[in-house]
Amino acid sequence: IVRPNQLAIFVHKGHLADVFEEGTHTISSQNVPLLTKLANWRFGFISPLRSEIWFFSTQVFTGRRWGTAKPILQSFDGHPSIPVHAFGNYNVQIRNPKLFYTTLLGSRLSFDMSELEEFVQGQIIELLPEAVASVKQLEKLNQSQQKVSVQLEKLCNKVFAKYGIHLRDVQILSLLPSQEVLQAMEAKAAMQMVGNKQEYLLYKAANSLNELGSGNS
């Protein structure tokens, strides 16, 4: 029995014999043409077949998360090798169980959602620098999350098509340089507002003294 949002693959001695869609199916040499070639003829049609059936869910798995455990190094105009952190979510679906089985499963005995997520996340992180490369100015990085999300989804689906996997609604929820870079950018912006480096340094020193005094009171 193949339930709604499922597909089943019948495998005999390591060879993919057929794919069954939703419904009730009876496996025999008549409805699985490849079976007659694979079975051991000395047993006739009642041979002890060494077979297995894989069930695949074709539903869309939503709200899966991804993120950079370590920052990626990205170059921008005038700013080489900037560490960038990112995280977000995505939806994933197995669209072609045949491809999925032949490219990812092979001789494995099982494959669960956590393993699929690990594989997808690894590919997302690998392709992220290429997607972020569309942003030329560091100052516009955070404003370009939607643009980079669209590019990242396109790049991912080019890769995942050969595995029978499809990503939908890839979202980047945060795309920022490291804290040190952010502080430097804030300092630069503040100095530009003040208009004089010496005045800015005096202003910063005064703020530090005020914070120190508040801490001691």
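Residues numbered from 1 in each chain as written. Predicted model: local features only at pLDDT ≥ 70, side-chain atom pairs only at ≥ 80, totals over all residues. Heavy atoms only, no water.

Q: Please clarify how the pattern of salt bridges should be interpreted in this entry.
A: Side chains that carry opposite charge are capable of pairing whenever their charged atoms lie near each other. Applying the stated rule across the entire model yields 1 salt bridge. One salt bridge in this structure joins Arg-64 and Glu-117, with 2.5 Å as the shortest N-O distance. With a gap of 53 residues between them, Arg-64 in strand E4 (residues 61–67) and Glu-117 in helix H3 (residues 113–132) connect regions that are remote in the sequence. Judged by its relative accessible area of 21%, Arg-64 falls in the partly exposed class. (Salt bridge = Lys/Arg side-chain N within 4 Å of Asp/Glu carboxyl O. Helix = DSSP H or I, 4+ residues; strand = E, 2+ residues; numbered from the N terminus. Buried < 20%, exposed > 50% of the residue type's maximum accessible area, 1.4 Å probe, protein only.)

Q: What is the right way to look at the side chain of Asn-157 in this model?
A: With respect to the helices, strands and loops of the structure, Asn-157 is situated in helix H4 (residues 145–160). Setting aside residues no more than four positions away along its own chain, Asn-157 makes contact with Ile-165, His-166 and Leu-167. (Contact = heavy atoms within 4.5 Å.)

Q: Help me out: how do you make sense of H3 in this one?
A: It helps to recall that an α-helix has 3.6 residues per turn; residues three or four apart then point in one direction. Here H3 spans 28 Å end to end across 20 residues, near enough to the 28 Å set by a 1.5 Å rise per residue. At Glu-126, H3 shows its strongest bend, of approximately 35 degrees, with the proline Pro-129 following within four residues. Every buried residue belonging to H3 is among Leu-116, Glu-117, Phe-119, Val-120, Gln-123, Ile-124, Leu-127, Leu-128, Ala-131 and Val-132, and all of these are buried. Of the surrounding elements, those touching the buried residues of H3 are E4, strand E5 (72–76), strand E6 (79–94), helix H2 (97–105), H4 and strand E7 (165–177). (Expected span 1.5 Å × (residues − 1). Bend = angle between axes of the 7 residues up to and from the residue.)

Q: Explanation requested: the confidence of the model for the chain in the structure shown.
A: Interpretation of the predicted coordinates at a detailed level should be avoided for regions scoring low in pLDDT. On average, residues of the chain carry a pLDDT of 77, and 64% of them reach 70 or more. Confidence drops under a pLDDT of 50 for residues 36–47, and excluding neighbours within four residues, the segment shows 12 contacts in the predicted structure. (pLDDT = per-residue confidence, 0-100.)

Q: Sorry, what's going on with the environment of Leu-16 here?
A: Relative to the helices and strands, Leu-16 is located in strand E2 (residues 15–20). Taking the relative accessible area as the measure of exposure, Leu-16 reaches 23% and is therefore partly exposed.

Q: Help me understand the pairing of E5, please; the structure alone is not making it clear to me.
A: Every regular strand shows the same layout, with side chains that alternate between the two sheet faces. Only one face of E5 is covered, namely the face carrying Ile-72, Gln-74 and Phe-76; the face carrying Leu-73 and Ser-75 is uncovered. Relative to E6, E5 runs antiparallel, the two being bridged by 4 bridges. When the bridges of E6 are listed, Leu-73 appears paired with Pro-83. The loop that links E5 with its antiparallel partner E6 comprises 2 residues; one of these, Gly-78, has a positive phi angle of about 80 degrees. (Pairing = 2+ DSSP bridges.)

Q: What am I meant to see in the packing of aromatic side chains here?
A: Scanning the model with the defined rule gives 3 aromatic pairs in all. Summarising the aromatic geometry, the rings of Phe-56 and Phe-100 are spaced 5.8 Å apart at their centres and angled 80 degrees between planes, so their arrangement reads as edge-to-face. Here the residue Phe-56 occupies a position in strand E3 (residues 51–57), and Phe-100 occupies one in helix H2, the gap between them amounting to 44 residues. Residue classification places Phe-56 among the buried residues on the basis of a relative accessible area of 4%. Relative to Tyr-163, the ring of Phe-119 has its centre 5.1 Å away and its plane inclined at 80 degrees; by these criteria the two rings are edge-to-face. With Phe-119 in helix H3 and Tyr-163 in the loop between H4 and E7, this residue pair connects regions lying 44 residues apart in the sequence. Since its relative accessible area comes to 18%, Tyr-163 is described here as buried. Counting every residue linked through ring pairs, the aromatic cluster contains Phe-119, Phe-160 and Tyr-163. (Phe/Tyr/Trp six-rings, centres within 6.5 Å; stacked < 30°, edge-to-face > 60°.)

Q: Honestly, the packing of H3 against H4 in this entry has me stumped. Any pointers?
A: Geometry of a packed helix pair, given as the angle between the helix axes and the separation of the axes. Axis separation between H3 and H4 bottoms out at 9 Å; the angle between their running directions is 125 degrees. In terms of orientation, H3 lies oblique with respect to H4. Like other packed secondary-structure pairs, H3 and H4 cross with a definite hand, here right-handed. Counted together, Phe-119, Val-120, Gln-123, Ile-124, Leu-127, Leu-128, Glu-130, Ala-131 and Val-132 of H3 and Val-148, Gln-151, Leu-152, Leu-155, Cys-156, Val-159 and Phe-160 of H4 form the full contact between these two elements. When grouped by side-chain class, the residues that make up the contact of H3 with H4 number 13 nonpolar, 2 polar and 1 charged. (Axes fitted to C-alpha atoms, helices over the stretch in contact; angles between N-to-C directions. Parallel < 35°, antiparallel > 145°, perpendicular 65-115°, else oblique. Left-handed = near helix turned anticlockwise from the far one by under 90°. Nonpolar A, V, L, I, M, F, W, Y, C, P; charged D, E, K, R; others polar.)

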